[in-house]
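Chain and residue survey
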Amino acid sequence: MTLVAILTVSDRASRGDYEDLGGPATESWLRAAIASPFECLRRTVSDGVESVGDALVALCDRDNADLVLTTGGTGPSPRDLTPEAMRKIVTKELPGFGELMRQASLAKVPTAILSRQTAGIRGRTLVINLPGKPSAIDVCLHAVFPAVPYCLDLIGAGRIETDPAVCPSFRPAFLDVHRFSASKASSHAGG
Amino acid sequence: MTLVAILTVSDRASRGDYEDLGGPATESWLRAAIASPFECLRRTVSDGVESVGDALVALCDRDNADLVLTTGGTGPSPRDLTPEAMRKIVTKELPGFGELMRQASLAKVPTAILSRQTAGIRGRTLVINLPGKPSAIDVCLHAVFPAVPYCLDLIGAGRIETDPAVCPSFRPAFLDVHRFSASKASSHAGG
Amino acid sequence: MTLVAILTVSDRASRGDYEDLGGPATESWLRAAIASPFECLRRTVSDGVESVGDALVALCDRDNADLVLTTGGTGPSPRDLTPEAMRKIVTKELPGFGELMRQASLAKVPTAILSRQTAGIRGRTLVINLPGKPSAIDVCLHAVFPAVPYCLDLIGAGRIETDPAVCPSFRPAFLDVHRFSASKASSHAGG
């Protein structure tokens, strides 16, 4: 079954000083938007390049998550190190995710440009950074999730179907053509 | 004479399993948009950091191309390695090209954010990554080509004039002022 | 008192061959937009990774500037090396600044995509690259400055208040909540 992992990144939430709001908000959004069967795993980790990097590697390589969503740690503060951890563990960065999340968030708050969110691929896992605040998570997921199911197809991860009333997703027609002819669609990726 | 090279990046096209559509589509677009004399060179190479990097270096350093357009290999699939090859051989990356190509493509398909297209400079050559699909190539070239002639001026590459009915290009007025005074316009580059 | 430094990057201006227009334009903009007390320091340096990097390190580490604005050297020309110098001396890059400056400038000129402007953080200093041309500086500062005061708060730099009639700035409400409770707002940064 498709496995989606949510990683809350926060010093305070990991110490129990603070109730994690980002993790539950992300899970609620996914439960409303994904129409196909999936399992959801939730973890919490303190800020830091090593702590976040180790947690991401475990979710990708040991738990074989198809999709990992992080929440928190993407701002300019000294302890915000999620993007640095990401870059160390992904083999490909997908800059379009961060660009679109910042653009969608800019329509709400001018401080959206302070977010350093990105996305990337490790093996058969897509990793996307989300902000920590529930309202911002909602804006970001609405913006980028339509491209997620097709991205998972292209990297050989589990298949996801979305509820079009909540989040219409998109698979270009030519992918299916190549599937029928049993040839790899990889050379068409992204365009 | 100004030399424009088109590099098709595709395992299947390089094996002859698949008719290259991106290369001819790119050449057709250029023949319609460029009004000044130019020569067009077409090559095909398999996906891969080394294969694409070597082909780009040859086009830049040996063939002295003024402009190189790649097509294909920019998505998230394991064999999509064109941006990785690019980053190894350019001395400067121009992130605005990829940002604008993704933004223009987003108006057509939500999966545009999966494209990792970028552009960069090697010596006196501008290299731009295009997608593989002809309709997406058209969208991307329309978006970024208006800035290409001035960029070639700034890096000392050959001069290009476009047909304003197809693709209006733009050269800021102050460049010409500095030309008349025979001084370098470099410190004004990009704005 | 809050210290803002303006670094003009230009071979010709540093030799005195050319009157620096970018530095004064940046200072005028700041004097109109910032309503709280601040000191303004102006320097000029020649293009180059080392010259610009050394000047930036001195402004951040020796002069303890809260905000450094560079002007010039961000284009594609061989001597445009400001972003390369930036990347060597910042510990965090904030890609949203460059994206938004290019997007705002694109509404004026299609060559905006040639600019490689970025922003980043070194210790308690925010560094932002601006173009060299006064009209482009104005467009870029209007676009990104609303997020600057909150960014300075998050990195522990000096407080800035803006004149809302010139440049409305924005501090998310939850920051103040955390301030009253004397806890760090860092895990909320950027969203």
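Residues numbered from 1 in each chain as written. Chains lettered and ligands numbered in written order. Predicted model: local features only at pLDDT ≥ 70, side-chain atom pairs only at ≥ 80, totals over all residues. Heavy atoms only, no water.

What follows deals with the state of the cysteines. By the definition in use, this model includes zero disulfides over all chains. There is no disulfide at Cys60(B), and the cysteine sulfur nearest it, in Cys151(B), is 13 Å away. Cysteine Cys167(C) is unpaired, with the sulfur of Cys140(C) as its nearest cysteine sulfur at 13 Å. (Disulfide = S-S within 2.5 Å.)

Another aspect to go through is the relation of the copies chain B and chain C. Laying chain B over chain C is done by rotating through 120 degrees and shifting 0.0 Å along the axis; what remains is an RMSD of 0.0 Å. Taken together, the rotation and translation describe the operation of a three-fold axis. Residue Glu99(B), judged by its C-alpha, is the member of chain B lying nearest the rotation axis, at 4.3 Å. Here only 7% of the contact residues of chain B are again contact residues in chain C; the copies associate through non-equivalent surfaces. (Least-squares fit on C-alpha atoms with pLDDT ≥ 70 in both. Contact = heavy atoms within 4.5 Å.)

Along the chain, Thr111(B) falls in the loop between α5 (95–106) and β5 (119–122). Exposure remark for Thr111(B): the relative accessible area of 6% places this residue in the buried category. Beyond its immediate stretch of four places on either side in the chain, Thr111(B) contacts Ala147(A), Tyr150(A), Phe170(A) and Pro172(A). (Helix = DSSP H or I, 4+ residues; strand = E, 2+ residues; numbered from the N terminus. Buried < 20%, exposed > 50% of the residue type's maximum accessible area, 1.4 Å probe, protein only.)

Next up on the list: the interface of chain B and chain C. On the chain C side, the residues contacting the 30 residues of chain B number 29 residues. Taken together, the connections running from chain B to chain C amount to one salt bridge. Close ionic contact of Arg102(C) with Glu99(B) constitutes a salt bridge, the shortest N to O distance being 2.7 Å. Our count for the contact surface shared by chain B and chain C stands at three residue pairs in polar contact (both at pLDDT 80 or more). It is α5(B) that contributes the most residues to the side of chain B that touches chain C, six residues altogether. Among the residues making up the side of chain B that touches chain C, the classes are represented as 16 nonpolar, 10 polar and four charged. (Salt bridge = Lys/Arg side-chain N within 4 Å of Asp/Glu carboxyl O. Polar contact = N/O pair within 3.5 Å; in protein donor to acceptor, adjacent residues only side chain to side chain. Nonpolar A, V, L, I, M, F, W, Y, C, P; charged D, E, K, R; others polar.)

As a further point, take the confidence of the model for chain A. All names here are of chain A. Summary statistics for chain A give a mean pLDDT of 91 and a share of 91% for residues scoring 70 or more. Scored below 50 in pLDDT, residues 175–191 makes 43 contacts in the model with residues more than four places away or belonging to other chains. Among the prediction metrics, the complex's ipTM stands at 0.90, with pTM recorded as 0.91. (pLDDT = per-residue confidence, 0-100.)

This brings us to the environment of Arg42(C). Residues and elements named next belong to chain C. For Arg42, the location among the structural elements is in strand β2 (residues 38–45). Through-space distance from the C-alpha of Arg42 to that of Leu59 is 10 Å; in sequence the pair is 17 residues apart. Discounting residues that sit within four places of it in the chain, Arg42 has contacts with Ile6, Asp20, Gly23, Pro24 and Glu27. A distance of 2.7 Å separates the side chain of Arg42 from the side chain of Glu27, its partner in a polar contact.

What follows deals with the interface of chain B and chain A. Opposite the 30 residues of chain B that make contact, chain A presents 30 residues. For the chain B and chain A pair, buried surface summed over both sides reaches about 2,400 Å², with 62% attributable to carbon and sulfur atoms. Looking at the side of chain B facing chain A, the largest losses of area belong to Arg12(B), Pro76(B) and Ile113(B), adding up to 25% of the total buried there. Taken together, chain B and chain A are joined by one salt bridge. In this structure, the connection of chain B to chain A is made through four residue pairs in polar contact (both at pLDDT 80 or more). (Buried area = accessible area lost by both parts, 1.4 Å probe.)

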